[in-house]
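Architecture at a glance
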Amino acid sequence: MSSAQAVDVIRQALMMAFWLSLPLLAVGFAAGVLMSLFQILTSMQDPAVGAIPRLAAFLAGLLIFLPWMLLRITSYTETLLGNLGRYAR
C-alpha cells in the first residue's frame, strides 16, 4: 500500500466518522439550546431539568437515525473490504 492510498483510507474513515456523528451532534446542540432557553425563561437552574431532556433527545435521535447510520457504515465497510485486494499490493 502506498502512502497515498493509506492517506486516502484514513481520510475516508475520518469522513465516515464525521458523517455518522453529525446527526446526533446536531440533535444534542438543538436540545442544549432549547433547554438553555427554557431554563433562562423560567429561571430554573436545576441540573436535572437540563440533563434529562437532553438525554431523551439523544435517545430519540439515535432511534431515528440508527437505520441511516447502519446503512452508511455497512456501505463503507463493504467498499473497504471490496477494495482490500487493491490495498494489499
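Let us look at the structure shown here. What you are looking at is a predicted structure, and each value in this text was computed from that prediction instead of being measured. (Residues numbered from 1 in each chain as written. Predicted model: local features only at pLDDT ≥ 70, side-chain atom pairs only at ≥ 80, totals over all residues. Heavy atoms only, no water.)

So, about the packing of helix 1 (residues 3–42) against helix 2 (residues 47–82). Two numbers describe how helix 1 lies on helix 2: the axes approach to 9 Å, and their chain directions differ by 165 degrees. It follows from the interaxial angle that helix 1 and helix 2 lie roughly antiparallel. The chirality of how helix 1 crosses helix 2 is right-handed. Partitioned by chemical class, the residues of the contact of helix 1 with helix 2 number 22 nonpolar, seven polar and two charged. (Axes fitted to C-alpha atoms, helices over the stretch in contact; angles between N-to-C directions. Helix = DSSP H or I, 4+ residues; strand = E, 2+ residues; numbered from the N terminus. Parallel < 35°, antiparallel > 145°, perpendicular 65-115°, else oblique. Left-handed = near helix turned anticlockwise from the far one by under 90°. Nonpolar A, V, L, I, M, F, W, Y, C, P; charged D, E, K, R; others polar.)

A few words now on the environment of Ala-30. As for its position among the elements, Ala-30 is in helix 1. Overall, the relative accessible area of 37% leaves Ala-30 in the partly exposed class. A sequence separation of 27 residues divides Ala-30 from Ala-57, and the C-alpha atoms of the two residues are 9.1 Å apart. (Buried < 20%, exposed > 50% of the residue type's maximum accessible area, 1.4 Å probe, protein only.)

Now for the pattern of salt bridges. Note that side chains of opposite charge can pair when their charged atoms are close. Tallied over the entire structure, the rule returns one salt bridge. Asp-8 is the partner of Arg-11 in a salt bridge, and the nearest nitrogen-oxygen pair spans 3.0 Å. Separated by three residues within a single helix, Arg-11 and Asp-8 lie in helix 1, roughly one turn from each other. (Salt bridge = Lys/Arg side-chain N within 4 Å of Asp/Glu carboxyl O.)

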